[in-house]
Amino acid sequence: MSYLVLARKSRPQKFEQVVGQKTIVTTLKNSLLRERVAHAILFSGIRGTGKTTLARIMAKAINCESPLEQRPCCTCKSCQAIASGSAIDLHEIDGASNRGIQEIRELKEQIKFLPVSSRFKIIIIDEVHMLTTEAFNALLKTLEEPPKHVYFMFATTELHKIPITILSRCQRYELKRIAADDLQAHFRKLAADEGVNIEEKALQQIVKEADGSVRDGLSLLDQIFSYGEKEVRLDDVTEVLGLVSREVLLKLAAGLMKGDKAGVLLSLDEIFAFGMDIKRFGNDLLDCFRNLLLCKIKGCETLLNISETELQSYQEIAGEFPAESIHAKLVLLMAAIEDTKNSSQPRLALETSFIKVIEAGNIVHLPDLIGKLDKLIDMYPPQQEPVQDAADKAVAVKDQDDLRLTEPRSVKKTDTVTEVRENKEPPAAEPVSQVSTAPPDLPPEKGKAAAKNIQDDWREFIEYVKGEKIWMGQILQKANNRLATDGELQLEYDEHFTCGQLKEPENHQILTRLVQKFFQKELKVSIITPENSGDTASPNDRENVSRQKRKLSSEPLVTRALEIFNGQIVEVRLHHKKTPER
């Protein structure tokens, strides 16, 4: 019994029969019509895409006796001899078996003689990348200046292993993977020729497993035809090829996304009970998550090589989760599958990895988090300011007002102010925070510009500094706090490197001059950082700051936020609030 497998029975004999390589076929046909065929042609690409087939068709076309438009005709003596493998002038060499320099020397001796029965001698070297470096070097001169009656055809799956000196002497054609639609139409035609009715879903699964290779797909098709009857269904393909059912994969993916630990572990048990290969299962699972991710990216539907029914199933699962969550879990799964391949207990490694993926949780968009925080803030009313804090503020206001006085007031002015106040009715209960030493509408003295308030006019001062020194204004913006006491302006920073330039003597003098000129006061500028703050702050000030930080840390809103986001307080910074002008 002699049976010819589909891969050999359906091998193309003409250019028109080649599947999925339209651009290369057109180029080769035009080179024949215009008699511009290169003396050395190199075909490269993955397995089963037609490299050797195209080399044989070109060999027939070069020696064909028919007119140029009809080559190869497959009916002349030369074409039939090549098709049957009896052509004397066609030398087809396996590069893996004849890879040494001695074989190349013998080949060079043979091509010196003229062809016996054809017009040209054709040398086809398959898997040419297997030749040794010495063999390639021996072939260089012949490739550069071959005899007029010789044509070389090379085929390889690993183009990068061929020396650049060989590549530069060849006309290269890189064959691409066969598109799924072309493969599906080709397999459907072959199944019809064999008298087998194959289900569309089963055909799609075979095309998927072929991975762009015609020969791989034909081998699988041959195996399935031997298993089934005249009707082939998806279950038959799944069982013969040892694949995981698409429903089981989708169930497992949904469980990983939804956090269903029990469902995930039961699905994994079902897969192991079926005897699934770990490597194949890992690839299928990653491909499943890839499809989910592509469903979430607008405009990527064309990248999904699946049926309409499967697409709907993927879209249902993907619609419940953001693309960020799917991508994050896909990254974790990729690492888990790689670890599983090297594990001595692959099942345990997969189970723990799946639990880790589930516990990673789903990613929440930042706008959603901000929305939740806003709702949380709305739930709590604003805190009433304690009386003690109001009194502290009143004292601070008094200190600031003292700084506004550029010189002591005369006795005459004080009497005038007192007289005006006596003519007015005193308020029933004057708040403590309204303590002031001068009315806000008191005109400045003649010859003196009105003094500006450090807290209220700080932004204007920064813009003023930027007009003189842009970098200095930017550093001043980063100050956490600013205090003016006893003729001294203190600027507080968290880090030394933030304000290091201001501490340099030359820059410090410039800053002091700008401060005095803008605020119209004799102020000394001090730069406070954590390294020297302990020297300038009094014990009472430090205790007050610590008390305020503890109070802020225990706020109900802060406590609630920590519980929601599972966070912790790393640092508390105090920012000085502006005091309104009196």
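Note that this is a predicted model, so its numbers are computed, not measured.

Visitor: Any chance you could explain the packing of aromatic side chains here in plain terms?
Guide: The geometry of two aromatic rings is summed up by the distance between their centres and the angle between their planes. Taken as a whole, this structure holds 8 aromatic pairs when the rule is applied. For the pair phenylalanine 43 and tyrosine 173, a centre-to-centre distance of 5.8 Å together with 25° between the ring planes defines the contact as stacked. Pair noted here: phenylalanine 43 is in strand E1 (residues 40-44) and tyrosine 173 is in strand E5 (residues 171-174), with a separation of 130 residues, a long-range link. The burial state of phenylalanine 43 is the same as that of tyrosine 173; both residues are buried. The interplanar angle of 80° and the centroid separation of 5.2 Å between the aromatic rings of phenylalanine 120 and tyrosine 151 together place this pair among those described as edge-to-face. Taken together, the positions of phenylalanine 120 in the loop between helix H5 (101-110) and strand E3 (121-126) and tyrosine 151 in strand E4 (residues 150-156) put the pair 31 residues apart, joining distant regions of the chain.

Visitor: I'm lost on a nonpolar patch on the surface in this one. Help?
Guide: On the surface, Leu373, Ile377, Leu557, Ile564 and Phe565 cluster together into a nonpolar patch covering about 370 Å² of accessible area. If one sorts the elements of the nonpolar patch by residue count, helix H27 (residues 556-565) sits on top with 3 residues. Here phenylalanine 565 lies in helix H27.

Visitor: Looking at this model, I keep getting lost on the packing of helix H21 (residues 458-468) against helix H22 (residues 470-477). Mind explaining?
Guide: Any two packed helices are characterised by the angle at which their axes cross and by the distance between the axes. Two elements in contact, H21 and H22, have axes whose closest approach is 6 Å; the angle formed by their N-to-C orientations is 155°. Classed by the angle they form, the pair H21 and H22 counts as roughly antiparallel. Between H21 and H22, the residues in contact are Trp458, Phe461, Ile462, Val465, Lys466 and Glu468 and Ile470, Met472, Gly473, Gln474, Leu476 and Gln477, respectively.

Visitor: Teacher, can you tell me more about helix H16 (residues 323-341) here?
Guide: An α-helix turns once every 3.6 residues. As a result, residues three or four positions apart point the same way. In a regular helix each residue adds 1.5 Å, so 19 residues correspond to 27 Å; H16 covers 27 Å between its end C-alpha atoms and thus fits that length. For H16, the full list of buried residues reads Ser325, Ile326, Lys329, Leu330, Leu333, Ala336, Ile337 and Thr340. One side of H16 holds all its buried residues, which, seen down the axis, span an arc of 130°. In this fold, the buried residues of H16 make contact with helix H12 (246-258), helix H14 (278-296), helix H15 (308-318) and helix H17 (346-359).

Cut-offs used in this document
Residue indices follow the written sequence of each chain, beginning from 1 at its first position. Local features are withheld for residues below a pLDDT of 70 in this predicted model, meaning they are given only at 70 or higher, and side-chain atom pairs are given and counted only at 80 or more; totals for whole chains, interfaces and linings count all residues. Each side-chain value is derived from all of the structure's non-hydrogen atoms; neither hydrogens nor water enter the calculation. The criterion for an aromatic pair is that two Phe, Tyr or Trp rings (for Trp, the six-membered ring) have centres within 6.5 Å, with stacked assigned to planes under 30 degrees apart, edge-to-face to planes over 60 apart and tilted to the rest. The secondary structure listing takes helices from DSSP runs of H or I that are at least 4 residues long and strands from runs of E that are at least 2 residues long, numbered from the N terminus. Whether a residue is buried, partly exposed or exposed follows from its accessible area with a 1.4 Å probe, protein chains only, as a fraction of its type maximum: under 20%, in between, or over 50%, in that order. Like-charged residues are merged into a patch within 9 Å and nonpolar side chains (Val, Leu, Ile, Met, Phe, Trp, Tyr) within 5 Å, provided each residue has over 30% relative accessible area and no salt bridge. Computed with the Shrake-Rupley method and a 1.4 Å probe, the accessible areas treat only the protein chains shown as cover for residues. Any carboxyl oxygen of Asp or Glu within 4 Å of a side-chain nitrogen of Lys or Arg constitutes a salt bridge here. The convention used is that axes are lines fitted to C-alpha atoms, helices contributing only their stretch in contact, and that angles between N-to-C directions extend from 0 to 180 degrees. Between 65 and 115 degrees an angle is taken as roughly perpendicular, under 35 as roughly parallel, over 145 as roughly antiparallel, and anywhere else as oblique. Any two residues whose heavy atoms approach within 4.5 Å are treated as being in contact. Expected helix span is taken as 1.5 Å per residue step, with the number of steps being one fewer than the number of residues. Directions are taken from the helix axis to each C-beta atom, and the arc is the one they span.

Spatial relationships are all this shows, so hold off on functional conclusions.
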